[in-house]
Amino acid sequence: MPQQKVYLVGAGITGWEGFGNKALEVIGKAEVLIGHQRHLDIFPDFAGEKRVLGELAEMLDFLRETDRRTVVLGSGDPNFFGVARFLLRNIPKERIEIFPNLTSVQYAFARIKEPWDDAIFVSCHGRELHRAIDRIVAAEKVAVLTDKVNTPAAIARELIERGAEGYEAWLCEDLGTPEERFTRTDVKGLLDIPASPLNILILIKAWEPSLTQYPLIGVEDEEFAAIKKLITKQEVRAVTLAKLQLQDDLILWDIGAGSGSVSIEASNLMPNGKIYALERNPQYVVFLRDNLKKFVARNVKLVESFAPEGLEDLPDPDRVFIGGSGGMLEEIIEAVDRRLKQDGMIVLNAVTLDTLTKAVEFLEDHGYTVEVTCVNIAKTRGLSEYKLFESQNPVYIITAWKGDE
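Residues numbered from 1 in each chain as written. Predicted model: local features only at pLDDT ≥ 70, side-chain atom pairs only at ≥ 80, totals over all residues. Heavy atoms only, no water.

Peer 1: It is not clear to me how the domain arrangement of the protein should be interpreted in this structure. Could you clarify?
Peer 2: Note: interface size is frequently given as the accessible area lost on complex formation between the parts. You can read the domains of the protein as domain 1 (6–102), domain 2 (105–205) and domain 3 (221–401). Computed over C-alpha atoms, the centres of domain 1 and domain 2 are 27 Å apart. Each partner contributes to the interface: domain 1 provides seven residues, whereas domain 2 provides 10 residues. Here domain 1 meets domain 2 over a buried area of about 810 Å², counting both sides, of which 83% is carbon and sulfur. Three residues, Ile-13, Phe-80 and Phe-81, lead the burial of domain 1 against domain 2; their summed loss comes to 57% of the area buried on that side. There are zero salt bridges connecting domain 1 and domain 2. At the boundary of domain 1 with domain 2, the tally comes to zero residue pairs in polar contact (both at pLDDT 80 or more). Considered class by class, the residues forming the side of domain 1 that touches domain 2 number five nonpolar, two polar and no charged. (Domains from an automatic or database assignment. Contact = heavy atoms within 4.5 Å. Buried area = accessible area lost by both parts, 1.4 Å probe. Salt bridge = Lys/Arg side-chain N within 4 Å of Asp/Glu carboxyl O. Polar contact = N/O pair within 3.5 Å; in protein donor to acceptor, adjacent residues only side chain to side chain. Nonpolar A, V, L, I, M, F, W, Y, C, P; charged D, E, K, R; others polar.)

Here's what the structure looks like:
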């Protein structure tokens, strides 16, 4: 196999900075120049062969077979959401030499006069938008590389749907060209701007409802809008969340979400995770939407469905909480069992012995190890100058996981 070097050279922003001397020397000695047409046009006097970059697989076949000195042109730093990642996976690293340039993201932050060392970077190029939004909503400052499908307007619609519109937005278009534009707006304003295909979207957290008065866990029951206060009570909620053993980036299904109290506190505990709150009752849905907005639960997705319907469209869960089953407990457990990830966990809350017995037997029949915790809560209430304890109904918290004890 030929061991000729492959040189990756980043093209900078026209009118901002040029190629370094070493990069120009490498290009001058090259026999083949590969890149998008706008990059090839930078070198009209190049004496060798020019190849327009098309399918990456075709370029890879050429690089594996050629014995000619080849330069691949990219934008900015080829290591930053660029072609370098692909080539480094498929060609021995000792054959590759990289000459980075100023990235469009660096340039954009410089032009809007905003530090970028505390930003995260998300690319939507050819990617599923919801995953990108998951990262955006967990960030204070983010630069987004968009594409013709995942446009700034599409991103804005998804952010608004999740109640996460509290960003200052900078739409940076056609950087380095005579048509270069920087538009400062907000998330809703992005809906009305027909963005150029060549753009970078910068989002900077500007505001959100003050959550300082709310703890991460143990929110008072009265803070949640609910029908007749039919919610998972504060103390039971705390034990339930403990039994779920949540981690930062897991996927949680909250089936029969009701007011959404469990989903909302789970959201606080796993800001980079994804929570799907399933609820079909239209009365509950009204309160659930209000609560999600009030607590800015940006990584909670409301699914208006009556389980087990609607589960097939969700990603496989790591954890499942069943707060309500609507008489479909066995069918729900069957559906969950087919989708639950390895080492996943199911937690159910039961208030009747019938539900407790049925759930334990059904889970054990499906190969789960089951633990039941009975939570008895009694809280003080005033009676003239005295205080008495008033008991609540016991709740059975059923924790189930597959495998031997």
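Peer 1: Looking at this structure, I do not really get the sheet that holds strand β16 (residues 368–375). What am I missing?
Peer 2: Read across the open sheet, the seven strands follow the order β13-β12-β11-β14-β15-β19-β16; overall the sheet is mixed. Each having just a single partner strand, β13 (300–303) and β16 make up the two edges of the open sheet. Geometrically, the sheet is characterised by an average inter-axis angle of 15° between neighbouring strands, direction not taken into account. Pairing of strand β14 (residues 319–322) with strand β15 (residues 345–350) involves four bridges; the strand directions are parallel. The partner of Phe-321 across the bridge, within β15, is Val-347. Here helix α8 (residues 234–244) sits on the sheet in contact with β11 (251–255), β14, β15, β16 and β19 (395–402), set at roughly 160° to β15. (Pairing = 2+ DSSP bridges. Helix = DSSP H or I, 4+ residues; strand = E, 2+ residues; numbered from the N terminus. Axes fitted to C-alpha atoms, helices over the stretch in contact; angles between N-to-C directions.)

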